[in-house]
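# Structural characterization, general
Here are the chains, one letter per residue:
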Amino acid sequence: MPYIENEEEKARSDKFKIELQAKQKPMRLAFTKLTPDQQHALTHVYNVLNRYTDETRDMEGDCYHSTFVSLGQLYYKLHIAFPNLRGD
């Protein structure tokens, strides 16, 4: 049987969601100011790192070769999307 919140819990939950949305709003607006290539690069970085973290946790320190290759591609995508990150 699913848990049903009472009115007090529902109010606290709604308040938390509103505060979280207000806190995240500047970050969400800043993300929309990036170019589509930069947005794609950051999304790709997040997805690859998330997959790597999940695999190393679930497989006790190992990851699939495809994930390893994807980690290598992160440098290229970041370099193209954010050329000022280079340490020249």
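Calculation notes
In this numbering scheme, every chain counts its residues from 1 along its sequence in written order. For a predicted model such as this one, the threshold for reporting local features is a pLDDT of at least 70, and the threshold for listing and counting side-chain atom pairs is 80 or more; totals across whole chains, interfaces and linings nevertheless cover every residue. Side-chain figures throughout are based on the complete set of non-hydrogen atoms in the structure, without hydrogens or water. Here a strand is any run of E in DSSP of at least two residues, a helix any run of H or I of at least four, and the numbering for each starts at the N terminus. Here, expected helix span is obtained from the residue count minus one, scaled by 1.5 Å. Bend angle per residue: angle between axes fitted to the 7 residues ending at that residue and the 7 residues starting there. For the exposure calls, accessible area comes from a 1.4 Å probe over protein chains only, and a residue counts as buried if that area is under 20% of its type's maximum, exposed if over 50%, partly exposed in between. Pairs of N or O atoms within 3.5 Å make up the polar contacts considered here, provided that, within protein, one atom can donate a hydrogen while the other can accept it, and that residues adjacent in sequence are counted only when both atoms are side-chain atoms. Here, residues are in contact when the closest pair of their heavy atoms is within 4.5 Å. Patch criteria: residues need more than 30% relative accessible area and no salt bridge. Like-charged residues are merged within 9 Å; nonpolar side chains of Val, Leu, Ile, Met, Phe, Trp and Tyr are merged within 5 Å. Computed by Shrake-Rupley with a 1.4 Å probe, the accessible areas treat only the displayed protein chains as cover when residues are assessed. One side-chain nitrogen of Lys or Arg within 4 Å of one carboxyl oxygen of Asp or Glu is enough to make a salt bridge.

## Section: helix α1 (residues 7–32)
Over its 26 residues, α1 extends 36 Å from the first C-alpha to the last, a length consistent with the 38 Å expected when each residue adds 1.5 Å. At Q24, α1 is deflected by roughly 40°, the largest bend along its length, and proline P26 occurs up to four residues later in sequence. By the criterion of burial, α1 is predominantly exposed, with just one of the 26 residues buried. The N-cap residue of α1 is N6: its side-chain oxygen and the backbone nitrogen of E8 are 3.1 Å apart.

## A few points about the side chain of T67
Tracing the chain through its elements places T67 in helix α3 (residues 65–81). In this structure the side chain of T67 is engaged in a polar contact, spanning 3.4 Å, whose partner is the side chain of R51. Apart from residues no more than four positions distant in its own chain, T67 is found in contact with R51, Y52 and E55.

## Digging into a nonpolar patch on the surface
Together, Y75, Y76 and I80 give the surface a local cluster of nonpolar side chains, amounting to about 400 Å² of exposed area. With respect to the secondary-structure elements, Y76 resides in helix α3.

## Comments concerning unusual backbone geometry
Backbone geometry at E60 places phi at a positive 55°, although glycine is not the residue there. Tracing the backbone shows E60 in the loop between α2 (36–58) and α3.

## As for the pattern of salt bridges
The tally for this structure, following the rule as stated, stands at four salt bridges. Close ionic contact of K15 with E19 constitutes a salt bridge, the shortest N to O distance being 3.9 Å. Separated by four residues within a single helix, K15 and E19 lie in helix α1, roughly one turn from each other. When salt bridges that share partners are traced, they join D54, R57 and D58 into one network.

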